[in-house]
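Remarks on the overall topology
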Amino acid sequence: MKLDRNFFLRPTLKVAQELLGKLIIRKYKNKLLIGKIVETEAYIGPKDKASHAYAKREQPKKEKLKIIHQNWHRIEKYVENKEKFIKRILKLKNAKVTKRNLAEYLKGGHIYIYLVYGNYYQLNITTYKEGYPECVLIRSLEPITTDNIIPNGPGKLCQYLKLDSSFWGYDLVDGDKIWLENGESYNSSDIIKTTRIGIDYAEEDAFLPWRFYIKNNKWVSKK
DNA sequence: GTACAGATTGAG
DNA sequence: TCAATCTGTACT
């Protein structure tokens, strides 16, 4: 059964753990590409120095508004209430808005995807309410359908699912190119909670145990 | 306009 | 251990 909006609207740490075992279904050239989520990381906006939405230096409201308006056409169809959306963003402390991270502010159940190191896309799913920049990075999948690419890392998983920047903002609840379905459920005792990867710059937040993976699963990425 | 680092990966 | 590769971000 397809996951509905309410699943994604809940607190980010809860969604990050409950995404383990869920299936990602991608319709590509009349075929279905399927993977089971086995590893995730939570990024909680302005409270989290590792997040793209964390502002090291305070960003003036004027600058935030400029970026929102310049990029409005890219998110317009996904936003429920424009006034409320903007008001919430302006109210957040330590939050940064950029052309890239604007999709993080969409309500739970949307895709935030971006390129790192010039080569690799990273698939994130937004969580919580509209106007709050929180998301879950999907780090690895257990392949269900066969392919030459093994999706045991955030970059390789986007190659496996044939995802690129055209999916920026995409709605996983209403869309038919990619969506999530119920798979297996795991107990808390089957979930390993540890520190996130590749965020040494995040000072004390680098030690937060916000990476989750299924115990003893062979597809989890290595550190 | 210019510099620089990054939520990675695979090869040596 | 290290380079590839290029966009977003910050600063001149």
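Structure first, text after, so check above.
The rules behind the values
Residues numbered from 1 in each chain as written. Chains lettered and ligands numbered in written order. Predicted model: local features only at pLDDT ≥ 70, side-chain atom pairs only at ≥ 80, totals over all residues. Heavy atoms only, no water. Helix = DSSP H or I, 4+ residues; strand = E, 2+ residues; numbered from the N terminus. Rg over C-alpha atoms; globule rule 2.2 N^0.38 Å. Buried < 20%, exposed > 50% of the residue type's maximum accessible area, 1.4 Å probe, protein only. Contact = heavy atoms within 4.5 Å. Areas by Shrake-Rupley, 256 points an atom, 1.4 Å probe, with all protein chains shown as cover. Lys, Arg positive; Asp, Glu negative; His and termini not counted. Charge placed at Lys NZ, Arg CZ, Asp CG, Glu CD. Near = heavy atom within 4 Å. Polar contact = N/O pair within 3.5 Å; in protein donor to acceptor, adjacent residues only side chain to side chain. Nonpolar A, V, L, I, M, F, W, Y, C, P; charged D, E, K, R; others polar. Arc of directions from axis to C-beta.

Comments concerning the overall build of chain A
Looking only at helices and strands, one finds 6 helices and 8 strands in chain A. Order of helices (α) and strands (β) in chain A, N terminus to C terminus: α-α-β-β-α-α-α-β-β-β-α-β-β-β. A compact globule built from 223 residues would reach a C-alpha radius of gyration of about 17 Å, and chain A, at 17 Å, matches this within 12%. In chain A, which comprises 223 residues, the proportion classed as buried is 52%. Pairs at least 24 residues apart make up 65% of the contacts formed inside chain A by residues separated by at least 6 positions. Total accessible area on chain A stands at roughly 11,500 Å², and carbon and sulfur atoms take up 49% of it. Side chains of chain A give 42 positive and 26 negative charges; the mean places of these two sets differ by 3 Å.

Overview of the protein's contact with DNA strand B
Taken together, 21 residues form the shell around DNA strand B, and within it His-52, Asn-124, Gly-155, Gly-198 and Tyr-201 come nearest. Pro-154 places a main-chain nitrogen or oxygen 3.1 Å from a phosphate oxygen of DNA strand B. When residues of the surface near DNA strand B are traced back to their parent elements, those giving at least two are strand 4 (120-126), strand 5 (134-143) and helix 6 (154-160).

Remarks on the protein's contact with DNA strand C
Residues in contact with DNA strand C, as listed here, are Arg-57, Lys-96, Thr-98, Lys-99, Arg-100, Leu-115, Tyr-117, Gly-118 and Asn-119. Atoms of DNA strand C within 4 Å of the protein belong to the sugar or the phosphate in 83% of instances, the rest to bases. A distance of 2.3 Å separates a base oxygen of DNA strand C from a polar backbone atom of Tyr-117. A distance of 3.4 Å is found between a sugar or linking oxygen of DNA strand C and a side-chain nitrogen or oxygen belonging to Asn-119. Looking at side-chain class alone, the surface near DNA strand C contains 2 nonpolar, 3 polar and 4 charged residues.

Regarding helix 5 (residues 82-91)
The complete set of buried residues in helix 5 reads Phe-85, Ile-86, Ile-89 and Leu-90. For helix 5, the angular spread of buried residues about the axis comes to 125°, placing them on one side. Along helix 5, exposed side chains directed more than 90 degrees from the buried face belong to Glu-83, Lys-87 and Lys-91. On the buried face of helix 5, the contacting elements are helix 3 (61-70) and helix 4 (72-75). Where helix 5 begins, the side chain of Asn-81 points an oxygen toward the backbone nitrogen of Glu-83, at a separation of 3.2 Å.

Geometric values such as these leave the question of function open.
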